[in-house]
Amino acid sequence: MEQRRFSTTGSRSRQRTWTIIGELIDVHLDAKIFVAGHRGLVGSALVRSLRMNGFQNLILRTKSELDLTNQSQTEDFFAAEKPSYVFLAAAKVGGILANNEYPGDFVAQNLQIQTNIIESARKSNADRLLFLGSSCIYPKFASQPIKEESLLTGPLEPTNRPYAVAKIAGIEMCWSYNRQYKTGFLAAMPTNLYGPGDNYDLETSHVIPALIRKMHEAKINNSSVATIWGTGSPRREFLYSDDLADACLFLMNLDKRRFDSLVANDQTPPLINIGCGSDHSIRELAVQIAEVVGFRGKLTFDTTKPDGTPRKLLDVTRLTSLGWQAKTTLSQGLKQAYQEFLMDSQPLLSGELAHRIG
Ligand SMILES: NC(=O)c1ccc[n+]([C@@H]2O[C@H](COP(=O)([O-])OP(=O)(O)OC[C@H]3O[C@@H](n4cnc5c(N)ncnc54)[C@H](OP(=O)(O)O)[C@@H]3O)[C@@H](O)[C@H]2O)c1
């Protein structure tokens, strides 16, 4: 039997049965599902995956409709809607530069958003909640690949410590609520993500969107050089956003026995890594992106810019032992991301270029 891929065995009335490795799992198609941050890189991938799997009862609010840093707004929303499942993908997110420039915003807004949602989900008796953190929660010099057990065993990477400390507080909150209130709150730590709807603003973006945009602009401006920040030697793991969404649905649909093995344990936090299990140096990544974009010029490295953590590869044994594996290779993902960028960015580039060419 084709193992990994979710497959429906025909929907009976409003119930759909999923098979994963021969085990049957019932999921109600009309389950009320709140995706916080549904317009973001992760949130939009979750919405695509949920809809593709037949879930139609999604509750979605933009930041202007519901500011999740506002406690009373958030509690009123949950009291009114009472979602059964909550995907907590709303957060203040950004690259090295943004974390350096706005540390206060990163710690305060992330603490407010996650605290308001986790407490409101408890009060409105949500069945399950998935809190999305990030691999920067682990010590800067954690042994590689990074196991969940290495949490709080050493100093963090200073450039994004405020953000990381907020995420660690979120993990502790999920664990504490599971122990005190017997909630089903799970914290998932994805590796670096990229994909449709990514942020291509060069001031605040992550490495893949920044390099795709830089090399595309260098190509269309006939520049002979594209500059990459840092030495090029740091190694990073990258996961395509639709794969991450697939893993999140997989986790939230685990049968009770396996879900409880993750959340109902007083000895270990309800924590699970999500990654693809392999990494690349920034130099290798830059060469792959130049290939995908068709930039034939010279790649240079600006060593005055910070490298960040030397290596960050997650240990995904816990997730793969449950039966999930990533399926999009980096080269496939980069090709798809570049096509998305070309489709989404024409107005941005022509405006920029027009301004620049003047
Ligand atoms: N990107 C990565 O490489 C990565 C890697 C690992 C983990 N993660 C985790 O994944 C989660 C989502 O990250 P992302 O990359 O999808 O970020 P993103 O693209 O910046 O999306 C964040 C979303 O949160 C919403 N949001 C922010 N502040 C809000 C507020 N006060 N009220 C309501 N909504 C608010 C934003 O709304 P607007 O669209 O209206 O601004 C946006 O839709 C985060 O927890 C992050 O830690 C991301």
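Structural data are supplied above this passage.
Right, let's walk through the structure included here. (Residues numbered from 1 in each chain as written. Predicted model: local features only at pLDDT ≥ 70, side-chain atom pairs only at ≥ 80, totals over all residues. Heavy atoms only, no water.)

## Digging into the layout of surface pockets
Quantified by volume, the second largest pocket comes out at close to 170 Å³. Counting residues per element, the ones that place at least two in the lining of the second largest pocket are helix H5 (161–181) and helix H8 (256–263). Ranked by residues supplied to the lining of the second largest pocket, first place goes to H8 with 4 residues. Along the lines of polarity and charge, the residues of the lining of the second largest pocket split into 3 nonpolar, 4 polar and 6 charged. (1 Å grid on protein atoms, 1.4 Å probe; cavity = no way out; pocket = protein on both sides within 12 Å on 5 of 7 lines; lining within 4 Å. Points joined across faces, edges and corners; volume = space filled by probe spheres on them. Helix = DSSP H or I, 4+ residues; strand = E, 2+ residues; numbered from the N terminus. Nonpolar A, V, L, I, M, F, W, Y, C, P; charged D, E, K, R; others polar.)

## A closer look at the pattern of salt bridges
With the rule as written, the count across this model stands at 19 salt bridges. The shortest N-O distance in the salt bridge between Arg122 and Glu119 comes to 2.9 Å. Taken together, the residues span about one helical turn, with Arg122 and Glu119 both in helix H4 (residues 103–123) at a distance of 3 residues. Residue Arg122 is classed as partly exposed on the basis of its relative accessible area of 22%. According to the relative accessible area criterion, Glu119 is buried, its value standing at 14%. For Arg258, the salt bridge goes to Asp255, with nearest N and O atoms at 3.1 Å. This pair shows no difference in class: Arg258 is buried, exactly as Asp255 is. (Salt bridge = Lys/Arg side-chain N within 4 Å of Asp/Glu carboxyl O. Buried < 20%, exposed > 50% of the residue type's maximum accessible area, 1.4 Å probe, protein only.)

## Observations regarding the packing of helix H1 (residues 41–52) against helix H7 (residues 241–252)
Direction vectors running N to C along H1 and H7 enclose 60°, while the axes themselves pass 8 Å from each other. The crossing of H1 and H7 is right-handed. Along the contact surface, H1 presents Leu41, Val42, Ala45, Leu46, Arg48, Ser49 and Leu50, while H7 presents Ser241, Asp242, Leu244, Ala245, Asp246, Cys248 and Leu249. Residues that form the contact of H1 with H7 fall into these classes: 9 nonpolar, 2 polar and 3 charged. (Axes fitted to C-alpha atoms, helices over the stretch in contact; angles between N-to-C directions. Left-handed = near helix turned anticlockwise from the far one by under 90°. Contact = heavy atoms within 4.5 Å.)

## Examining the pairing of strand E7 (residues 128–132)
For a regular strand, side chains alternate in direction, first toward one face of the sheet and then toward the other. Burial within E7 is extensive, with 5 of its 5 residues counted as buried. What you see with E7 is no split at all: Arg128, Leu130 and Leu132 on one side and Leu129 and Phe131 on the other are buried throughout. The pairing of strand E6 (residues 85–88) with E7 spans 4 bridges and is parallel. By the bridge assignment for E7, Phe87 is matched with Leu130. Summarising the sheet, E7 and strand E8 (residues 185–190) pair through 4 bridges and their orientation is parallel. (Pairing = 2+ DSSP bridges.)

## Some thoughts on the site of the ligand
Near the ligand you find 25 residues, and of these Arg39, Val42, Gly133, Tyr163 and Lys167 are the closest. At a separation of 3.3 Å, an oxygen atom of the ligand approaches a polar backbone atom of Gly133. Within the side chain of His206, a nitrogen or oxygen atom sits 3.4 Å from an oxygen atom of the ligand. Surface burial for the ligand is 87%, taken as the share of its 890 Å² of free accessible area covered by protein chains. For the shell around the ligand, the secondary-structure elements that each account for two or more residues are H1, H5 and strand E9 (192–194). (Near = heavy atom within 4 Å. Polar contact = N/O pair within 3.5 Å; in protein donor to acceptor, adjacent residues only side chain to side chain. Areas by Shrake-Rupley, 256 points an atom, 1.4 Å probe, with all protein chains shown as cover.)

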